[in-house]
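In case you want the letters, here they are:
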Amino acid sequence: MTTPLIEVRDLHYQYEDGTVALDGVDFSLSSGETVALLGANGSGKTTFALHLVGLLSGRGEISVRGLSVKKRNFPEIRKRVGILFQDADEQLFMPTVLEDVAFGPLNLGLSEQDARQRAERMLARVGMSHVAGKAPYHLSAGEKRRVALAGVLAMEPEILILDEPTTFLDPPGQRELVELLRSLPQAKLLVTHDIPFAMSLASRAVFFDKGRITEDGPLRDVVRNRHWQASAE
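Numbers given for residues are sequential positions, taken from 1 along each chain in its written order. Under the rules for a predicted model, residues below a pLDDT of 70 receive no local features and side-chain atom pairs below 80 are neither given nor counted, while totals for whole chains, interfaces and linings still include all residues. Note: side-chain values were computed over all heavy atoms of the structure, leaving out hydrogens and water.

Asker: I keep staring at the packing of aromatic side chains and nothing clicks. Help me out?
Answerer: Any pair of aromatic rings gets described here by the distance separating the centres and the angle formed by the planes. Aromatic rings from Phe, Tyr and Trp, taking only the six-membered ring of Trp, are treated as a pair when their centres fall within 6.5 Å; an angle between ring planes under 30 degrees marks them as stacked, one over 60 as edge-to-face, and anything in between as tilted. If you walk through the whole model with that rule in mind, you get four aromatic pairs. Ring centres of Phe48 and Phe208 lie 5.5 Å apart, and the angle between their planes is 50°; this geometry places the pair in the tilted category. Separated by 160 residues along the polypeptide, Phe48 in helix 1 (residues 45-51) and Phe208 in strand 9 (residues 204-209) bring together distant segments of the chain. Ring centres 5.0 Å apart and planes at 85° place the aromatic pair Phe93 and Phe103 in the edge-to-face group. Here Phe103 lies in helix 3 (residues 97-107) and Phe93 lies in the loop between strand 6 (81-84) and helix 3, a separation of 10 residues in the sequence. Note on conventions: DSSP H or I runs of at least 4 residues are helices, E runs of at least 2 residues are strands, and numbering of each starts at the N terminus.

Written as structure tokens, this is what we have:
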């Protein structure tokens, strides 16, 4: 039997104010899957995603490629799992775009030349080569999203987690993002309220409600069964 890329068992998390964000979540992700994480704001989707790379730590068991998500394994896990945050400003901090995208590869031990070449390739892949010399704060919100994605891809992860990736993208930008993500071999988790976007990429969905996964199955079935919630979001 093939070992899941990600396996989560009985995950619980409570914020300091007492809010229960995750209440016994079980989940697995297989190689090549694209899974949409659906649910209302505050249902636990992003909290769950942050646990997968150790940015939050609750009670339960999480493994990535058989590695327990514990502090000793964080460097290896964060090589394998790339996360695109909802706010791109959280990921852009270097003086120029090119330096920003090259930062991760440099920290993997690549030479300056190899890191630069990889950064240039990834900027080209997301259509952002023309901003390589710009400061990130000079970019539009949509451009920042693309550059942040280039930085994630430059790490060559096995798994991509994308938190509301269509935020700030106009319709042409959303279509280009769909085409790009379809071309990538990585397994993907899409944290999204954008049902058309999810349906263009994912075959499976899980629905979060008050910290629990209340439905897990084919995306079209989950959307149909949760039609009111999907429309309301």
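Asker: How do you make sense of the nonpolar core when you look at a structure like this?
Answerer: Leu38, Val101, Leu123, Val147, Leu149 and Leu219 are the most contacted members of the largest nonpolar core, which totals 44 residues. Ranked by the residues each element gives to this core, the list is headed by helix 5 (residues 141-153), at six residues. Whether two residues are in contact is decided by their heavy atoms, any of which lying within 4.5 Å being enough. Those residues in contact with Leu38, other than ones at most four positions away along the chain, are Lys45, Thr192, Ile195, Ala205, Val206, Phe207, Phe208, Leu219, Val222 and Val223. Buried Ala, Val, Leu, Ile, Met, Phe, Trp, Tyr and Cys residues that are joined via side-chain atoms within 4.5 Å together make up what is termed a nonpolar core. The buried label goes to any residue with under 20% of its type's maximum accessible area, the exposed label to any with over 50%, and the partly exposed label to all in between, with areas taken from a 1.4 Å probe on protein chains only. Counting residues in each nonpolar core, the second largest holds 33 residues, with Tyr13, Leu52, Ala187 and Leu189 among its members.

Asker: I keep staring at the sheet that holds strand 2 (residues 20-29) and nothing clicks. Help me out?
Answerer: Whether parallel or antiparallel, the strands of a sheet pair through hydrogen bonds between backbone atoms. Each pair of strands is called paired provided DSSP finds at least two bridges between the two strands. With antiparallel pairing, the four strands of this open sheet are ordered in space as 2-1-4-5. The open sheet has two edge strands, strand 2 and strand 5 (67-68), and neither has a second partner. Note that strand 1 (residues 6-14) and strand 4 (residues 59-64) share five bridges and pair antiparallel. From the neighbouring strand, Arg9 faces strand 4, where its bridge partner is Glu61.

Asker: Please explain the side chain of Ser43 as it appears in this structure.
Answerer: Mapped onto the elements of the fold, Ser43 is located in the loop between strand 3 (34-38) and helix 1. Polar contacts, as counted here, are pairs of nitrogen or oxygen atoms within 3.5 Å of one another; within protein the pair requires one atom able to donate a hydrogen and one able to accept it, and residues that are adjacent in sequence qualify only if both atoms are side-chain atoms. In this structure the side chain of Ser43 is engaged in a polar contact, spanning 2.7 Å, whose partner is the backbone oxygen of Ala40. Filtering out sequence-adjacent residues up to four positions away, Ser43 remains in contact with Ala21, Phe208, Asp209, Lys210 and Gly211.

Asker: Help me understand helix 5 in this model?
Answerer: Residues three or four positions apart in an α-helix share a direction because the helix packs 3.6 residues into each turn. In a helix, the anticipated span is given by 1.5 Å times the number of residues less one. For helix 5, with 13 residues, the first-to-last C-alpha span of 19 Å sits near the 18 Å given by 1.5 Å per residue. Among the 13 residues that make up helix 5, 11 are buried, leaving the element largely enclosed by the rest of the structure. Residues of helix 5 that are buried include every one of Gly142, Lys144, Arg145, Arg146, Val147, Ala148, Leu149, Ala150, Gly151, Val152 and Leu153, and no others. Its buried side turned inward, helix 5 meets strand 6, helix 3, helix 4 (112-125), strand 7 (159-163) and helix 6 (171-183).

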